[in-house]
Amino acid sequence: MKNMSPRKRNPVECLPLATGSQEKARGDDLASVYDRRLKTYDPAGDNVRKFLDLLAVRINRSLAVSLVACVHCGMCVDSCHYALTHPGDSTMTPVYKADQIRRIFKRRLDWTGRIVPWWVHAATPASDEDLNRLKNIVFGTCSACRRCTLNCPMGVDTASLVRFTRGLLTELGIVPEGVFNVSRDEWETGNQMAVTPLDYLGTLQWMRDDLRTDPKLSGLEIPVVRPDCDFMYTINPREIKFDPRSIAQAAKIFHLAGERWTLPSAGWDQTNFGMYSGDDRLGGYIARNLYEAAVRLRAGRIVISECGHGFRSTRWEGYTWAEYDQNIPSESVVRTLKRYLKEQRIRVDKSKNALPVTFHDSCNIARSGGMTEEPRWVLNEVCSNFQEMHPNRTENYCCTGGGGLLSMAEYRPLRLESAAVKARQLEATGAKLVCTMCHNCVDGLNDVVKHYKLDMKIVQVLELVENALVY
Ligand code: SF4
Ligand code: SF4
């Protein structure tokens, strides 16, 4: 394995926000400092003013609790793969990242920061440059994995603060180019990868025709807009654009299980970049498209293909963003697979998957969603040599590609440096296959395996179930 010792490099500079102590030293009237600064901000004042106004408007009770509850005990530090791989670099710690918005909140809205800013380290951004540094911190040094959140004794949700700050910057257009591009594509085409209707339908037809070459599957369909089905299947655009095998695997299993299912013609993207960019309006737009497609088709339930943030945004966050009633049940396809196996609707032979396989829990499914046992149950049914990685379940480390980081090329070197902890964890399992139930994690883990030259292949649950099928 490649040398994992972290290099002493930190592309993120400390956010040099002006503090109240400087004004106090000059004997300024602190009550007027903030107003005077706003009046003198030029030419960047417009963005700073908007940022502060948005902060005041969008802050809510749960975020405020996370902003005021931190006691700076440092217990979250060892939770974060960025901090673990950059020992001694305080800017990589969760508490530092959260403090950058905490300082602004205190200066703008909290009484302590208004009266004694130097004491609580309250500060306010003074220029576009400061906002740009803030962008690099919240987009570039956090994968929003929430591992620190679970390990904070005060319940501080650092990842939510990061997402909140991202949302403020997104509103101002101060975002990495990749975030801008993917958000635009999703607004314009209804899916993250700008897949056209022609590509979508053409790929489904291609997969269907390919499967039908097997005489035992000659009647197989990949139905689109079939009403009154047991479920509407929703997918990640990556499945159309880069890996349609997973659609074929699902279609084959559904066919053999005798399932009555359908895909929608629009609203099929269960991923949601609004979750990453912090843009609740984009989140609500994409989620609503999907929910309305299920209603139009009178689907009995929504089944979500293997995707971590798609699972989270479709199953619960999207309803809030879209202000939509949760009237159709939804589940991960892994739960659907478990039902088929339990009810013996499909038959498998686990000896077909004999290579040692381990399981990577996706942050949004395990840590944020609480779904940890179903994939293990399924893998133990279809694989003969399953091995846990440690730590696992809600304590697992991020694939390092979460939080939309795969779309932000400028932060890739830091991401791969921070992946050393993940590489060590993978290597210690001795497994040849790393299974995950998330397309995003597939790409993140593939980067880790490649960068650290590990002899492992990344697979998904559908792939292993399909490989074990007996029919
Ligand atoms: S976020 Fe929680 S664990 Fe981290 S320093 Fe603050 S109180 Fe301690
Ligand atoms: S959410 Fe994850 S990546 Fe972000 S600071 Fe916390 S532990 Fe680190």
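Residues numbered from 1 in each chain as written. Chains lettered and ligands numbered in written order. Predicted model: local features only at pLDDT ≥ 70, side-chain atom pairs only at ≥ 80, totals over all residues. Heavy atoms only, no water.

**Some details on the site of ligand 2**
- Contacts to ligand 2 come from Cys-80, His-81, Tyr-82, Pro-94, Lys-97, Cys-142, Ser-143, Ala-144, Cys-145, Arg-146, Cys-148 and Ala-159.
- For the shell around ligand 2, the elements supplying multiple residues, two or more each, are helix H5 (81-84) and helix H6 (94-108).
- Residue classes in the shell around ligand 2 are distributed as 8 nonpolar, 2 polar and 2 charged. (Near = heavy atom within 4 Å. Helix = DSSP H or I, 4+ residues; strand = E, 2+ residues; numbered from the N terminus. Nonpolar A, V, L, I, M, F, W, Y, C, P; charged D, E, K, R; others polar.)

**Considering helix H9 (residues 128-140)**
- Taking 1.5 Å as the rise per residue, H9 with 13 residues should run 18 Å; its terminal C-alpha atoms sit 17 Å apart, in good agreement.
- When we look at burial in H9, the residues that qualify are Asp-130, Leu-131, Arg-133, Leu-134, Lys-135, Ile-137, Val-138, Phe-139 and Gly-140. (Expected span 1.5 Å × (residues − 1). Buried < 20%, exposed > 50% of the residue type's maximum accessible area, 1.4 Å probe, protein only.)

**Details of helix H25 (residues 461-468)**
- The element H25 is largely enclosed, with a buried count of 6 among its 8 residues.
- Buried within H25 are the following residues: Val-461, Leu-462, Glu-463, Leu-464, Val-465 and Ala-468.

**Focus on the site of ligand 1**
- Around ligand 1 sit Cys-70, Val-71, His-72, Cys-73, Gly-74, Met-75, Cys-76, Val-95, Cys-152, Pro-153, Met-154 and Val-156, and that is every residue in its neighbourhood.
- Its residues assigned to classes, the shell around ligand 1 shows 10 nonpolar, 2 polar and no charged.

**A word on the nonpolar core**
- In this structure, Ile-222, Tyr-233, Val-461 and Leu-464 are the most contacted members of the largest nonpolar core, which totals 63 residues.
- No other element matches helix H15 (residues 245-256), which puts 6 residues into this core.
- Each of domain 2 (190-339) and domain 3 (347-468) gives at least three residues to this core.
- Ignoring sequence-local partners within four residues, the contact set of Tyr-233 consists of Ala-250, Phe-254, Trp-261, Thr-262, Leu-263, Pro-264, Val-303, Ile-304, Ser-305, Val-333 and Leu-462.
- Counting residues in hydrophobic clusters, the runner-up holds 41 residues, among them Leu-55, Tyr-82, Ile-286 and Tyr-411. (Core = buried A, V, L, I, M, F, W, Y, C linked by side-chain atoms within 4.5 Å. Domains from an automatic or database assignment. Contact = heavy atoms within 4.5 Å.)

**Details of the environment of Val-120**
- Structurally, Val-120 is set in helix H8 (residues 117-120).
- When the C-alpha positions of Val-120 and Asn-236 are compared, they lie 44 Å apart, and in sequence the two are 116 residues distant.
- Ignoring any residue separated from it by four or fewer positions in sequence, one finds Val-120 in contact with Lys-106, Thr-112 and Gly-113.

**Concerning the sheet that holds strand E3 (residues 231-234)**
- Ordered by their spatial adjacency, 4 strands build an open sheet running E4-E3-E5-E6, and the pairing between neighbours is parallel. Each end of this open sheet is capped by a strand with a single partner; those strands are strand E4 (261-262) and strand E6 (330-332).
- In this structure, strand E5 (residues 302-304) lies alongside E6, joined through 3 bridges in parallel fashion. Within the sheet, the bridge partner assigned to Ile-304 lies in E6 and is Ser-332.
- In this fold helix H18 (residues 308-322) packs onto E5 and E6, with an angle of close to 140° to the strand it touches most, E5. (Pairing = 2+ DSSP bridges. Axes fitted to C-alpha atoms, helices over the stretch in contact; angles between N-to-C directions.)

**Side note on the packing of aromatic side chains**
- Summed over all chains, the structure comprises 12 aromatic pairs.
- With centroids separated by 4.9 Å and ring planes inclined at 65°, the aromatic side chains of Phe-254 and Trp-261 adopt a geometry described as edge-to-face.
- For Trp-261, a relative accessible area of 3% translates into the label buried.
- Ring plane angle 5° and centroid distance 3.9 Å describe the contact between Tyr-291 and Tyr-319, whose orientation is recorded as stacked. Here Tyr-319 lies in helix H18 and Tyr-291 lies in helix H17 (residues 280-296), a separation of 28 residues in the sequence. For the pair shown, Tyr-291 and Tyr-319 are each scored as buried.
- One aromatic cluster is present, built from ring pairs that chain together Phe-231, Tyr-233, Phe-254, Trp-261 and Tyr-340.
- The ring of Tyr-397 has Arg-147 lying over it, and the distance from NZ or CZ to the ring centre is 4.0 Å.
- The positively charged end of Lys-216 is found above the aromatic ring belonging to Tyr-471, 5.5 Å away from the centroid. (Phe/Tyr/Trp six-rings, centres within 6.5 Å; stacked < 30°, edge-to-face > 60°. Lys NZ or Arg CZ within 6 Å of the ring centre and 35° of its normal.)

**A word on the pairing of strand E9 (residues 433-436)**
- Because side chains alternate across E9, one face comprises the buried residues Leu-433 and Cys-435, and the other comprises Val-434 and Thr-436, equally buried.
- As paired strands, E9 and strand E10 (residues 457-460) are joined by 4 bridges and run parallel to one another. Note on E10: the bridge partner recorded for Cys-435 is Val-459.

**Remarks on the sheet that holds E10**
- The 4 strands lie next to each other as E8-E7-E9-E10, forming an open sheet whose pairing is parallel. The open sheet has two edge strands, strand E8 (386-387) and E10, and neither has a second partner.
- Taken strand by strand, H25 contacts strand E7 (357-360), E9 and E10, and its axis lies near 80° from that of E10.

**As for the domain arrangement of the chain**
- Split into domains, the chain comes out as domain 1 (18-175), domain 2 (190-339) and domain 3 (347-468).
- Each of domain 1 and domain 2 has a C-alpha centre, and the two are 37 Å apart.
- Counting residues at the interface gives 7 residues for domain 1 and 10 residues for domain 2.
- Roughly 610 Å² of surface becomes buried between domain 1 and domain 2 when both sides are summed, with 34% attributable to carbon and sulfur atoms.
- Interface area lost by domain 1 to domain 2 is led by Arg-163, Arg-166 and Thr-170, which between them contribute 65%.
- For the pair domain 1 and domain 2, the number of links is 2 salt bridges.
- Inspection of the region where domain 1 meets domain 2 yields 7 residue pairs in polar contact (both at pLDDT 80 or more).
- Here the side of domain 1 that touches domain 2 gets 5 residues from one element, more than from any other, and that element is helix H11 (residues 158-172).
- When the residues that make up the side of domain 1 that touches domain 2 are grouped by side-chain class, the tally is 1 nonpolar, 2 polar and 4 charged. (Buried area = accessible area lost by both parts, 1.4 Å probe. Salt bridge = Lys/Arg side-chain N within 4 Å of Asp/Glu carboxyl O. Polar contact = N/O pair within 3.5 Å; in protein donor to acceptor, adjacent residues only side chain to side chain.)

**Comments concerning the confidence of the model for the chain**
- Averaged over all residues, the pLDDT of the chain equals 92, while 90% of them reach at least 70.
- Taken together, the stretch residues 1-31 has pLDDT below 50 and engages in 76 contacts with residues farther than four places along the chain or on a different chain. (pLDDT = per-residue confidence, 0-100.)

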